[in-house]
Amino acid sequence: RQLTAVGDTVNVASRLEALAKTHAAELVASTAVLERAGRRPRTTAAVGVRGRSGEVTVEIFARAADLAAATDPAAFAPAAS
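Residues numbered from 1 in each chain as written. Predicted model: local features only at pLDDT ≥ 70, side-chain atom pairs only at ≥ 80, totals over all residues. Heavy atoms only, no water.

S.K.: Break down the sheet that holds strand β3 (residues 55-61) for me, with residues and values.
M.R.: Spatially, β1-β3-β2 is the arrangement adopted by the three strands of the open sheet, whose pairing is antiparallel. Strands at the two margins of the open sheet, each flanked by one partner only, are β1 (27-30) and β2 (45-48). Averaged over all neighbouring strand pairs, the angle between strand axes comes to 45 degrees, with direction disregarded. (Pairing = 2+ DSSP bridges. Helix = DSSP H or I, 4+ residues; strand = E, 2+ residues; numbered from the N terminus. Axes fitted to C-alpha atoms, helices over the stretch in contact; angles between N-to-C directions.)

Rendered as structure tokens:
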């Protein structure tokens, strides 16, 4: 049996990857991801995502290091169970 990844999360990730290529950016992150990382988004844009009824608010980074330098790595630690 062959499985595939489908759903809203995969769709949005694919569309943001394409957006990064369009803008020659190393990284495009949704504000939801940035907030989860403990970072307040600075310059954002609302973009339409094919296959989704609403827009996704994103921040575009020319260099991924720009995000890494300002993000708390503990924000991505697994939650204690």
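Having seen the model, we can carry on.
S.K.: Please set out helix α1 (residues 8-22) residue by residue, giving values where relevant.
M.R.: With 15 residues, α1 extends 21 Å between its outermost C-alpha atoms, agreeing within 8% with the 21 Å of an ideal straight helix rising 1.5 Å per residue. All of the buried residues along α1 are Asn-11, Val-12, Leu-16, Leu-19 and Ala-20. Check the buried side of α1 and you find it contacts β1, β2 and β3. (Expected span 1.5 Å × (residues − 1). Buried < 20%, exposed > 50% of the residue type's maximum accessible area, 1.4 Å probe, protein only. Contact = heavy atoms within 4.5 Å.)

S.K.: Please provide a residue-by-residue account of the nonpolar core, values included.
M.R.: Within the largest apolar cluster, nine residues are counted, these being Val-12, Leu-16, Leu-19, Ala-20, Val-28, Val-47, Val-49, Val-56 and Val-58. Of all the secondary-structure elements, those providing two or more residues to this core are α1 and β3. In terms of residues, this core owes the most to one element, α1, which gives four residues. Apart from residues no more than four positions distant in its own chain, Val-28 is found in contact with Leu-16, Leu-19, Ala-20, Val-58, Glu-59 and Ile-60. (Core = buried A, V, L, I, M, F, W, Y, C linked by side-chain atoms within 4.5 Å.)

S.K.: Requested: an account of the pairing of β3, with residues and values cited.
M.R.: Pairing of β1 with β3 involves four bridges; the strand directions are antiparallel. The residue of β3 that forms the bridge with Ser-30 is Val-58. Relative to β3, β2 runs antiparallel, the two sharing four bridges. Among the inter-strand pairings, Ala-45 is bridged to a residue of β3, identified as Val-58.

Shape descriptors only; they carry no functional weight alone.
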